[in-house]
Structures are given as structure tokens and as C-alpha cells.
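Coordinate analysis (summary)
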Amino acid sequence: MRGLEVQAGTRLLERARRGVEPTPAARALAHHARLVMQQVALGAGAAVIPEAAARRHRGDGALRIVGIEDPWARREPRVVVRRLEALPLHARRLVAHRIART
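So, a few notes on the structure that sits alongside this text. Everything quoted here is computed from the prediction, not taken from an experiment.

This brings us to the overall build of the protein chain. Looking only at helices and strands, the protein chain has four helices and five strands in total. In sequence order, the protein chain lays out its α and β elements as α-β-β-α-β-α-β-β-α. Projected onto the principal axes, the alpha-carbon positions of the protein chain cover approximately 50 × 30 × 20 Å. Long-range contacts, defined as pairs at least 24 residues apart, comprise 42% of the intrachain contacts of the protein chain with a sequence gap of at least 6. For the protein chain, the accessible area works out to roughly 6900 Å², and carbon and sulfur atoms hold 51% of it. Of the side chains in the protein chain, 20 bear a positive and 9 a negative charge, and the two mean positions are spaced by 2 Å.

Right, let's get into helix 4 (residues 89-101). For an α-helix, the turn length of 3.6 residues means that residues three or four places apart are oriented alike. The end-to-end C-alpha separation of helix 4 is 18 Å, in line with the 18 Å expected for 13 residues at 1.5 Å each. Looking at helix 4, one finds that the buried residues are Ala-91, Val-95 and Arg-98. Considered in projection along helix 4, the buried side chains sweep an arc of 60 degrees and stay on one side of the axis. Exposed residues lying more than 90 degrees from the buried face of helix 4 are His-90, Arg-93 and Ala-100.

Turning our attention to the nonpolar core. Listed in full, the eleven residues of the largest apolar core are Ala-33, Val-36, Met-37, Val-40, Ala-47, Ile-49, Ala-53, Ala-54, Leu-63, Ile-65 and Val-80. Looking at this core, the elements that each hand over two or more residues are helix 2 (24-41), strand 3 (47-50) and helix 3 (51-56). Discounting residues that sit within four places of it in the chain, Val-40 has contacts with Gly-45, Ala-46, Ala-47, Leu-63, Val-80, Val-81 and Arg-82.

Time to look at helix 2. The end-to-end C-alpha separation of helix 2 is 26 Å, in line with the 26 Å expected for 18 residues at 1.5 Å each. Positive phi shows up at Gly-43, right after helix 2, with a value of about 85 degrees.

Moving on to the pattern of salt bridges. A full pass over the atoms with the stated rule returns two salt bridges. Linking Glu-85 and Arg-83 is a salt bridge whose minimum nitrogen-to-oxygen distance equals 3.6 Å. The class for Glu-85 is exposed, based on a relative accessible area of 57%.

This paragraph deals with the pairing of strand 1 (residues 13-16). In regular strands, side chains alternate between the two faces of the sheet. Strand direction decides the pairing type here: strand 1 and strand 2 (residues 19-22), joined by four bridges, are antiparallel. Bridge assignment links Arg-15 to a residue of strand 2, and that residue is Val-20. The turn linking strand 1 back onto strand 2 is made up of two residues.

One can find Leu-63 in the loop between helix 3 and strand 4 (64-67). Given the relative accessible area of 6%, Leu-63 is considered buried. Distance in space between the C-alpha atoms of Leu-63 and Val-80 is 6.3 Å, their sequence separation being 17 residues. Filtering out sequence-adjacent residues up to four positions away, Leu-63 remains in contact with Met-37, Val-40, Ala-41, Arg-58, Val-80, Val-81 and Arg-82.

Calculation criteria
Residues numbered from 1 in each chain as written. Predicted model: local features only at pLDDT ≥ 70, side-chain atom pairs only at ≥ 80, totals over all residues. Heavy atoms only, no water. Helix = DSSP H or I, 4+ residues; strand = E, 2+ residues; numbered from the N terminus. Contact = heavy atoms within 4.5 Å. Areas by Shrake-Rupley, 256 points an atom, 1.4 Å probe, with all protein chains shown as cover. Lys, Arg positive; Asp, Glu negative; His and termini not counted. Charge placed at Lys NZ, Arg CZ, Asp CG, Glu CD. Expected span 1.5 Å × (residues − 1). Buried < 20%, exposed > 50% of the residue type's maximum accessible area, 1.4 Å probe, protein only. Arc of directions from axis to C-beta. Core = buried A, V, L, I, M, F, W, Y, C linked by side-chain atoms within 4.5 Å. Salt bridge = Lys/Arg side-chain N within 4 Å of Asp/Glu carboxyl O. Pairing = 2+ DSSP bridges.

By themselves these figures say nothing about function.
Here it is in C-alpha cells:
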């Protein structure tokens, strides 16, 4: 969880009387990640999201996670795609560029 907090740039958990509870930022991040990953799983394109979120929401493993290691990337975003060949040309080029750099 600490890695995800670092990637998100904010605290995601708060201690409460009954243990630990997600912060509003955590709930928003989880909702957004689920929506993005659902779109990718349906073949709607590719997504650039934190690696921890991509791994958590990639489902049955049919989606590919590709690293982005550029120096400008303060976090470690990942491109997530279900079927490379189904993407529009510009999206395929982005993924191919990322794969060539890993």
C-alpha cells in the first residue's frame, strides 16, 4: 500500500477506531482505476495509470502492463492494453515505442 501512496502522492489510508479506513482520495483512485481498466478490458484503448493500480485491477491477466521509464515520469505509470492489434494506429505506436524502451 505504501508504494501506491507514493505513486498517488497522497495518503490513502487513515487509522480509525475499527482499524484502517480508506481516505476519500483512495476511494476516488480505486473508482477511477476500475473504470479505466474496464474500458481497456473492453478494447476501448490503452491507459496510463500507476503500476500498483494496473496490477490490482487487471483482472484475469488478459491485459498487458508495459513500463514507462522516461526521466520525466515522477511516478511509474504503465500502459495497459488488452489487444495491441485492436488499438488505433496512434495507440499502437505509443505501446510499440514503450515496449522498445523496456
